[in-house]
Amino acid sequence: MNTKTIFLAFIAFFSFTACQNTPESAPADMSIQATEDGKVLLRFKPQAGETMRMLMEINSQGSEIGDSKFALNFALNALGRQDSLYSYELDIERARLNTNLSGFKVDYDSNLPARGMAEAIDQQIRPFIDNNIAMLMNDRAQIQQIDSESFGQNMHMTQVDFNNMSIPLPTQPVGVGDTWTASHQKDGESKDFEFRVARITQSEVFVEMLPINENLGDQEGNLSLTGSYVLDRNTGFTKTGEIKNQIQVMGQNINNTITFKQIN
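Keep in mind that this is a model prediction, so the values were computed, not measured.

Criteria and cut-off values
- Residues numbered from 1 in each chain as written.
- Predicted model: local features only at pLDDT ≥ 70, side-chain atom pairs only at ≥ 80, totals over all residues.
- Heavy atoms only, no water.
- Helix = DSSP H or I, 4+ residues; strand = E, 2+ residues; numbered from the N terminus.
- Buried < 20%, exposed > 50% of the residue type's maximum accessible area, 1.4 Å probe, protein only.
- Areas by Shrake-Rupley, 256 points an atom, 1.4 Å probe, with all protein chains shown as cover.
- Salt bridge = Lys/Arg side-chain N within 4 Å of Asp/Glu carboxyl O.
- Pairing = 2+ DSSP bridges.

Novice: Would you mind going over the overall build of the protein with me for this structure?
Specialist: Scanning the protein from terminus to terminus reveals three helices and 14 strands. Across the 264 residues in the protein, those meeting the buried criterion constitute 49%. Counting every atom, the protein has about 12300 Å² of accessible surface; 43% of that belongs to carbon and sulfur.

This is the structure we're talking about:
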């Protein structure tokens, strides 16, 4: 498995947003508000000029392929609003990779000079650091448009890959125990996932994500996936989260644990 495949797999599972008790009241300027029937309306409402910095860490283990740890620091810059869409810029600030995949040990840090095997990794990752990604998102945290021109021939991450940065929010208000089903695009295929509100507090909404079983078990691709998210009620964006999944690459099973959090 080459370094580009590893990096793109990590980004694709990046993922990206989106709930025991009755919802507590929240300040009027919060994105996620309680409704009169005691539920909450999940919406993504960033403020122009705000920046959210995130840290994503991925630990991958494969019995024959090997282990790797990947860390990505990035900033999400809210530029403004265009009609009903929010304009965003994603700025990858730092990437680190420690791996012994297939017997090759590599320590890479984009903030340090690349030597040896790390040079090949830097050639693949550097375009993602040197060029920001412009995108438009709606208030349900779904990407509607993405500008990939700056990546040229190295740009293999399409709009459907970046949709994994956020979970599609429900159209109707939801309460604890409520579920909704929404589709994610992955490798050109639409896969359905079920989302369930686990808990709601004054400042946070806890969401669990489960796949629809018939969409898993592909010969190559996702074999299993579960996740949990904590939404910041102030912005409607992911505050912390964890995804556990098993994928199959070149006939080998790889177990991934992906964690992410705001580090503002």
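Structure shown, so let's carry the discussion forward.
Novice: In this structure, what is going on with the pattern of salt bridges? I would like to understand it.
Specialist: It is possible for side chains bearing opposite charge to pair when their charged atoms get close. All chains considered together, the criterion is met by seven salt bridges. A salt bridge links Arg43 to Asp139, with the nearest nitrogen and oxygen atoms 3.9 Å apart. Remark: Asp139 occurs in the loop between strand S7 (133–137) and strand S8 (143–147) and Arg43 occurs in the loop between strand S2 (40–41) and strand S3 (51–62); sequence separation between them is 96 residues. Its relative accessible area of 12% is what places Arg43 among the buried residues. The salt bridge partner of Arg126 is Asp122, with a shortest N-O separation of 2.7 Å. Taken together, the residues span about one helical turn, with Arg126 and Asp122 both in helix H2 (residues 117–130) at a distance of four residues.

Novice: What is the right way to look at the environment of Phe70 in this model?
Specialist: For Phe70, the location among the structural elements is in strand S4 (residues 66–82). Taking relative accessible area as the criterion, Phe70 reaches 1% and is therefore assigned buried. When the C-alpha atoms of Phe70 and Asn59 are compared, they prove to be 6.6 Å apart, with 11 residues separating the residues in sequence.

Novice: Mind showing me how you'd approach unusual backbone geometry here?
Specialist: Where the residue is not glycine, phi is negative for most of them; where a peptide bond is considered, it is trans in most cases. With a phi angle near 55°, Asp83 is a residue other than glycine that sits in the positive phi range. Among the structural elements, Asp83 can be located in the loop between S4 and strand S5 (85–99). Positive phi outside glycine occurs at Ala141, with the angle close to 65°. Relative to the helices and strands, Ala141 resides in the loop between S7 and S8. Judged by relative accessible area, which is 2%, Ala141 ranks as buried.

Novice: I keep staring at the pairing of S4 and nothing clicks. Help me out?
Specialist: Along any regular strand the residues' side chains alternate between the sheet's two faces. Taken across its 17 residues, S4 has 12 buried, putting it largely inside the fold. Bridge count between S3 and S4: 12 bridges; the pairing is antiparallel. Paired with Gln61 across the strands is Asp67, a residue of S4. Where S4 and S5 come together, 14 bridges link them in antiparallel fashion. Looking at the pairing, Leu76 lines up with Leu90 of S5. Linkage of S4 to S5, two consecutive antiparallel strands, is achieved through a turn of two residues, within which Asp83 is found at a positive phi near 55°.

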